[in-house]
Amino acid sequence: MWYAQNPGRRTRQLLGDGVVLLWTALWSAAAVVAYRLACLLTRPAPQTPAPSLGDPSRLPLVGDRVDSALRIAADVAGAVDPVTVRAAVIVGAVVVFLVPVGLVLNSWLPRRLRWIRQAAAARDLAASSDGRELLALRALLRPLDEVARTAYELPDATAGSLAEGWRGGDPEVIDALAEAELLRLGLRIPDQVYIPVQETGPENGTGPMEPVGSMGPVSAA
């Protein structure tokens, strides 16, 4: 699962991924331009420049100071071994790409991978009663304001009553907390979950499956 099922959360994820891809593409282009410009500046100047209306040695679209600085750098590079200069140019272009892209990926990639792992685990846990209890416990371990917000959405419920209901195994409280955790991750809440209810039967001593809660149509393991 790469994206949330909630439309709003999924849109934000798509926009974030698009911004990262655009950022990467822009700095890739910048690195290529920097590499080609460095190769141009370190190229030996022709002995007989072609005639032109202005100074043939002056770089276009730059000021006199920038032109002088670039020419000094080119003269210094011309005195160095060409292989060393080319290696330095390649390293510089790689740095131009890696530094800005690496900073963004260092902030974005761990969060995206963490959400993918959490969403996949939550979807699997929602398929069983034991898994829903773990989801409910995870919801109780959230900051107090989030737990209070979950309790506020339930009639006559408080954060303390949610914890008491979880300890007592109240299916309504467990389902409400599990749903809150799924919503936090941007996952769709299933309609109904079936769990086995043990009853004394005439033949095998077990009764039918009974629906519990408002979670979706998945069978318990």
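In the block above lies the structure referred to throughout.
What this report covers is the structure whose coordinates are included nearby. (Residues numbered from 1 in each chain as written. Predicted model: local features only at pLDDT ≥ 70, side-chain atom pairs only at ≥ 80, totals over all residues. Heavy atoms only, no water.)

## Some remarks on the overall build of the protein chain
And step 1. When its secondary structure is counted, the protein chain shows seven helices and three strands.
And step 2. Starting at the N terminus and ending at the C terminus, the protein chain contains elements arranged as α-α-α-α-α-α-α-β-β-β.
And step 3. Residues counted as buried form 25% of the 221 residues belonging to the protein chain.
And step 4. Long-range contacts, defined as pairs at least 24 residues apart, comprise 63% of the intrachain contacts of the protein chain with a sequence gap of at least 6.
And step 5. Summed over its atoms, the accessible surface of the protein chain is roughly 14,900 Å², and 63% of this surface lies on carbon and sulfur atoms. (Helix = DSSP H or I, 4+ residues; strand = E, 2+ residues; numbered from the N terminus. Buried < 20%, exposed > 50% of the residue type's maximum accessible area, 1.4 Å probe, protein only. Contact = heavy atoms within 4.5 Å. Areas by Shrake-Rupley, 256 points an atom, 1.4 Å probe, with all protein chains shown as cover.)

## Comments concerning the nonpolar core
And step 1. Judged by nonpolar contacts, A4, W115, I116, A119, A122, A126, L135, A178, L182, L185 and L187 together constitute the single largest core of eleven residues.
And step 2. Elements supplying a minimum of two residues to this core: α3 (82-125) and α7 (171-184).
And step 3. Judged by nonpolar contacts, the second largest core, of ten residues, contains A139, L140, L162 and I174. (Core = buried A, V, L, I, M, F, W, Y, C linked by side-chain atoms within 4.5 Å.)

## Focus: the side chain of R112
And step 1. With respect to the helices and strands, the residue R112 is situated in helix α3.
And step 2. Here W2 takes part through its backbone oxygen, which lies 2.8 Å from a polar atom of the side chain of R112.
And step 3. Apart from residues lying up to four places away in sequence, R112 is in contact with W2, Y3, Q13 and D17. (Polar contact = N/O pair within 3.5 Å; in protein donor to acceptor, adjacent residues only side chain to side chain.)

## A short note on α7
And step 1. Taking 1.5 Å of rise per residue, 14 residues should cover 20 Å, and α7 covers 20 Å from first to last C-alpha, within 8% of that figure.
And step 2. Summarising burial for α7: ten of the 14 residues are buried, a large majority.
And step 3. Of the residues making up α7, those classed as buried are V173, I174, D175, A176, L177, A178, E179, A180, E181 and L182.
And step 4. Backbone nitrogen of E172 and a side-chain oxygen of the N-cap are separated by 3.1 Å at the start of α7; the cap is D170.
And step 5. In the stretch just after α7, G186 is the one whose phi turns positive, near 80°. (Expected span 1.5 Å × (residues − 1).)

## Quick word on the pattern of salt bridges
And step 1. Tallying each qualifying case throughout the model produces four salt bridges.
And step 2. Its salt-bridge partner being E181, residue R142 comes within 2.9 Å of it at the nearest N-O pair. Of this pair, R142 sits in the loop between α4 (129-140) and α5 (144-152) while E181 sits in helix α7, and the two are 39 residues apart along the sequence.
And step 3. With a shortest N-O distance of 3.0 Å, E181 and R184 are connected by a salt bridge. Taken as a pair, E181 and R184 lie in helix α7 at a separation of three residues, close to a single helical turn.
And step 4. Taking relative accessible area as the criterion, E181 reaches 4% and is therefore assigned buried. (Salt bridge = Lys/Arg side-chain N within 4 Å of Asp/Glu carboxyl O.)

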